[in-house]
Amino acid sequence: MASLVCGVATFLMRKSGNALLGETLPSWRVQALVGKLEAHPSVVNIYDVKTEMVGTDTVRFKAEVQFHPRVITERVLLAGLKRPAPAAEGTVGPELAAHAMAYQVICERLQDTLPLLSQAA
């Protein structure tokens, strides 16, 4: 009976010790996560990936991500162009309306310029 209790105690100590020390994810799982990130058009590369099991059902994932600046810029500009125009100048302050108008002009000019930059590169 004592050997059974010792065996169970040893098993539990190893399991809880591994949980306290922080196991890493299996390499196949890390590769799958990195693959999903790299498949995104705005991601150029993934560096310095680290994982750690925190508890039984939570994972900490840390990676350095290099983004493609042109794709990010295009997405920001498209998001800005899809915003509704500010309401009539009486409902928002004139300063906010002027900033919104300037932002709209800059977005439109950059939308025209980005394809030219892509062709030149």
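Residues numbered from 1 in each chain as written. Predicted model: local features only at pLDDT ≥ 70, side-chain atom pairs only at ≥ 80, totals over all residues. Heavy atoms only, no water.

Q: Help me understand the overall build of the protein chain, please; the structure alone is not making it clear to me.
A: Counting secondary structure elements, the protein chain contains four helices and two strands. The secondary structure elements of the protein chain, listed N-terminal to C-terminal, are α-α-β-β-α-α. Put simply, the protein chain has 121 residues, and 12% of those count as buried. In the protein chain, 48% of the contacts between residues at least 6 apart in sequence involve partners at least 24 apart. Here the protein chain displays about 9600 Å² of accessible surface, and carbon together with sulfur accounts for 63% of that area. (Helix = DSSP H or I, 4+ residues; strand = E, 2+ residues; numbered from the N terminus. Buried < 20%, exposed > 50% of the residue type's maximum accessible area, 1.4 Å probe, protein only. Contact = heavy atoms within 4.5 Å. Areas by Shrake-Rupley, 256 points an atom, 1.4 Å probe, with all protein chains shown as cover.)

Q: Would you mind going over the pattern of salt bridges with me for this structure?
A: Note on pairing: side chains with opposite charge can pair once their charged atoms come close. Enumeration according to the criterion identifies four salt bridges in this entry. For Lys 62, the salt bridge identified is with Glu 64, shortest N-O distance 4.0 Å. By relative accessible area, which is 43% here, Glu 64 ends up partly exposed. Salt bridges sharing common partners tie together Asp 48, Lys 50, Lys 62 and Glu 64. (Salt bridge = Lys/Arg side-chain N within 4 Å of Asp/Glu carboxyl O.)

Q: Where do I start with the nonpolar core in this structure?
A: Considering soluble globular proteins, one finds that nonpolar side chains tend to be buried as a cluster. Ranked by size, the top nonpolar core spans five residues in total: Leu 25, Val 30, Val 34, Val 43 and Ile 46. Secondary structure elements with two or more residues in this core: helix H2 (27-38) and strand S1 (43-54). The residues touching Leu 25, leaving out its near neighbours within four places in the chain, are Val 30, Leu 33, Thr 51, Met 53 and Val 59. (Core = buried A, V, L, I, M, F, W, Y, C linked by side-chain atoms within 4.5 Å.)

Q: For this particular structure, what's the right way to read the pairing of strand S2 (residues 58-67)?
A: Each regular strand carries side chains that alternate between the two faces of the sheet. In this structure, S1 lies alongside S2, joined through nine bridges in antiparallel fashion. Residue pairing for S2: Thr 51 is matched across the bridge by Phe 61. Counting the residues in the hairpin turn of S1 and S2 gives three residues, including Gly 55, whose phi is positive at 80 degrees. (Pairing = 2+ DSSP bridges.)

Q: Quick question: what am I supposed to make of the side chain of Ser 42 here?
A: Position of Ser 42 relative to the elements: it lies in the loop between H2 and S1. A polar atom in the side chain of Ser 42 sits 2.8 Å from the side chain of His 40. In this view, Ser 42 contacts Gln 66, Phe 67, His 68, Val 71 and Ile 72; residues no more than four positions away in its chain are not counted. (Polar contact = N/O pair within 3.5 Å; in protein donor to acceptor, adjacent residues only side chain to side chain.)

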